[in-house]
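# Report on the structure
Residue strings, one per chain:
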Amino acid sequence: MPGKPKERRIQSGRSSWHTVIKVPVYPTAEQAELMEKTFGCCRYLWNQMLSDVQEFYAATDVHYIPTPARYKKGAPFLKEVDSQALCAVHQSLRKAYLDFFRNPKVFQYPKPKTKKARKESFTVYSRPYHTGPSIRLTAAGLQMPKLGVLRIKLYRKPLHWWSLRSVTITKTRTGKYFCSMTFGYEAETPKPILPAPERTVGINYSMACFYVDSNGDSPELPPRMAAAREKLARLQSQLSRMQQGSKNYEAQLQKVRRQYEHIANQRRDFAHQQSRRIANAWDAVCVRSADLNAMAQRLKGGNVPDSGFGMFREFLRYKLERQGKQYIDVDPYAPAAKTCSACGCVNEKLQPRVRTWVCPHCGAQLIRDENTARNIRDFGFTDFYQRSGAA
């Protein structure tokens, strides 16, 4: 029987935080087989519950999500996997519906899951028992219900006062297993830092160099990222000349998948490095909250979603918040590109392809990306104090 969990009372001046540590998993053959069963059971349960919700709503006009226990009698194979993973599917579907009804413009309606998804995963939450938590880290690896001890490679050790809340097991298209461990802990609430003009920077997205800030600086893209994309193009070219379904085709397809995964890891690492550098260097960062999908439709010459700028913005946001610093969203429809950062004159005749221009009012020589970043900084700084009411 699970023990009664202790009530966690957060002290004044402290707040609750969560940190996720993702590590590779090296399961045995028996553990890998049980993981595959769990992936399939979670996918089956999601689709069954989603179908029943839709049928129940069509008949009664009421949303009701059945519990996993209702399906075990008709599908006895669900008893072979951890029940906590099935409960997590129920919670995920409930959250998906709540998010959709709360903001349908941002969140999509829940869809059925297929075997051909980019990755498979299941989540298990840690439960307190008299003998200890159901999931815990040991010297041999990660102890989980039914799976036993999983051998993992722990790159970063959690601090001793962190508590393990949940574990998500993921399998990629390349056949690799990963474990995302969510830790919860209490920490001092950072004091809010009010932005000052000299400690505020504006960032503008750039197709050529990822971004340009208000000081005219831009990051140097690592040469290995361009080399990885060239290798991917060669692999795809070789794949196109092979017969689908052959052994050579499947082997080459696996190489393409591994290269895609390698590029994604490079992109994520680059976004982490740049966001950490900016979060440590500035007290406030102004970024235009532009829709990257809409931008990709307008900009025909570049692949905006593959740049990783949206991921970079999210990394930058949470890193600034954890230091008490400000991440300021700027209206995407503000005329940042057509406004002169020197005098404030708006040049309505400026064409999108013009990279350098002269202000018709003050005669200032302006570089488009740098001028846009400066205006984003000024617009964001002004909007912040107007919204907060500070002097």
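None of the values given here were measured: they were computed from a predicted structure. (Residues numbered from 1 in each chain as written. Predicted model: local features only at pLDDT ≥ 70, side-chain atom pairs only at ≥ 80, totals over all residues. Heavy atoms only, no water.)

## Section: unusual backbone geometry
- Although it is not a glycine, Lys146 adopts a positive phi angle of roughly 70 degrees.
- Relative to the helices and strands, Lys146 resides in the loop between β6 (142-144) and β7 (148-150).
- Even without glycine at this site, Phe210 takes up a positive phi of about 75 degrees.
- Along the polypeptide, Phe210 turns up in strand β11 (residues 210-213). (Helix = DSSP H or I, 4+ residues; strand = E, 2+ residues; numbered from the N terminus.)

## What to know about the nonpolar core
- Grouped together as the largest cluster of nonpolar side chains are 44 residues, with contacts concentrated most on Met35, Phe122, Leu142, Met144, Val167, Ile169 and Met181.
- Mapped by element, the contributors of at least two residues to this core are β1 (14-25), α1 (29-60), α2 (83-102), β2 (119-125), β6, β8 (163-172) and β9 (177-188).
- Examining the composition of this core, we find that eleven residues originate from one element, α1, more than from any other.
- Contact partners of Met35, with chain neighbours within four places excluded, come to Val25, Pro27, Phe122, Leu147, Leu150, Ile169 and Tyr177.
- Counting 23 residues, the second largest nonpolar core, distinct from the first, contains Val201, Ile203, Phe270 and Phe312. (Core = buried A, V, L, I, M, F, W, Y, C linked by side-chain atoms within 4.5 Å. Buried < 20%, exposed > 50% of the residue type's maximum accessible area, 1.4 Å probe, protein only. Contact = heavy atoms within 4.5 Å.)

## Focus on the pairing of strand β10 (residues 200-206)
- With seven of seven residues buried, β10 is to be regarded as a mostly interior element.
- Of the two faces of β10, the one holding Thr200, Gly202, Asn204 and Ser206 and the one holding Val201, Ile203 and Tyr205 are both buried throughout.
- Here four bridges tie β10 to strand β12 (residues 284-288), and the two strands are oriented parallel to one another. Of the residues in β12, the one forming a bridge with Thr200 is Ala284.
- Where β10 and β11 come together, four bridges link them in antiparallel fashion. Within β11, the position partnered with Ser206 by the bridge is Phe210. (Pairing = 2+ DSSP bridges.)

## Some details on the packing of α1 against α2
- Where α1 contacts α2, the two axes come as close as 10 Å, and the packing angle between them is 40 degrees. By the criterion of interaxial angle, the relationship of α1 to α2 is oblique. Seen from above, α1 lies across α2 with right-handed handedness. Two secondary-structure elements touch here, α1 through Thr38, Cys41, Cys42, Leu45, Trp46, Met49, Leu50, Val53 and Gln54 and α2 through Ala85, Leu86, Val89, His90, Ser92, Leu93, Ala96 and Tyr97.
- Class assignment of the residues belonging to the contact of α1 with α2 gives a composition of 13 nonpolar, four polar and no charged. (Axes fitted to C-alpha atoms, helices over the stretch in contact; angles between N-to-C directions. Parallel < 35°, antiparallel > 145°, perpendicular 65-115°, else oblique. Left-handed = near helix turned anticlockwise from the far one by under 90°. Nonpolar A, V, L, I, M, F, W, Y, C, P; charged D, E, K, R; others polar.)

## With respect to the pattern of salt bridges
- Inspection of the entire model under this criterion finds 14 salt bridges.
- Put simply, Lys95 and Asp99 hold a salt bridge, and the shortest N to O gap is 2.9 Å. Placement of both Lys95 and Asp99 in helix α2 is noted, with a separation of four residues, approximately one turn of the helix.
- Between Arg102 and Asp99 there is a salt bridge, and its shortest N-O distance comes to 3.0 Å. Here the residue Arg102 and the residue Asp99 both occupy positions in helix α2, the gap between them amounting to three residues, near one helical turn.
- On the basis of relative accessible area, Asp99 is assigned to the buried category, the value being 12%.
- Each of Arg14, Glu186 and Glu188 takes part in one network of salt bridges that share partners. (Salt bridge = Lys/Arg side-chain N within 4 Å of Asp/Glu carboxyl O.)

## Looking at the side chain of Ser166
- Of note, Ser166 is situated in strand β8.
- Ignoring sequence-local partners within four residues, the contact set of Ser166 consists of Thr123, Val124, Tyr125, Ser126, Ser180, Met181 and Thr182.

## A look at the confidence of the model for the protein
- Within the protein, residue pLDDT values average 90, and 95% of them lie at 70 or more.
- Below pLDDT 50 for its whole length, residues 1-7 participates in eight contacts with residues either more than four positions away or in separate chains. (pLDDT = per-residue confidence, 0-100.)

## Considering the sheet that holds β8
- With respect to topology, four strands assemble into an open sheet ordered β1-β9-β8-β2, the strand pairing being antiparallel. Among the strands making up the open sheet, the edge pair consists of β1 and β2. Sheet twist, expressed as the mean angle between neighbouring strand axes with direction ignored, is 20 degrees.
- The pairing of β8 with β9 spans eight bridges and is antiparallel. Pairing of Leu164 across the sheet is with Phe183, part of β9.

## A look at the sheet that holds β6
- Pairing within the open sheet is antiparallel, and its three strands lie in the order β5-β6-β7. Strands at the two margins of the open sheet, each flanked by one partner only, are β5 (136-137) and β7.
- Of the strand pairs in this sheet, β6 and β7 are connected by three bridges, and their pairing is antiparallel. Counterpart to Gln143 in the pairing with β7 is Val149.

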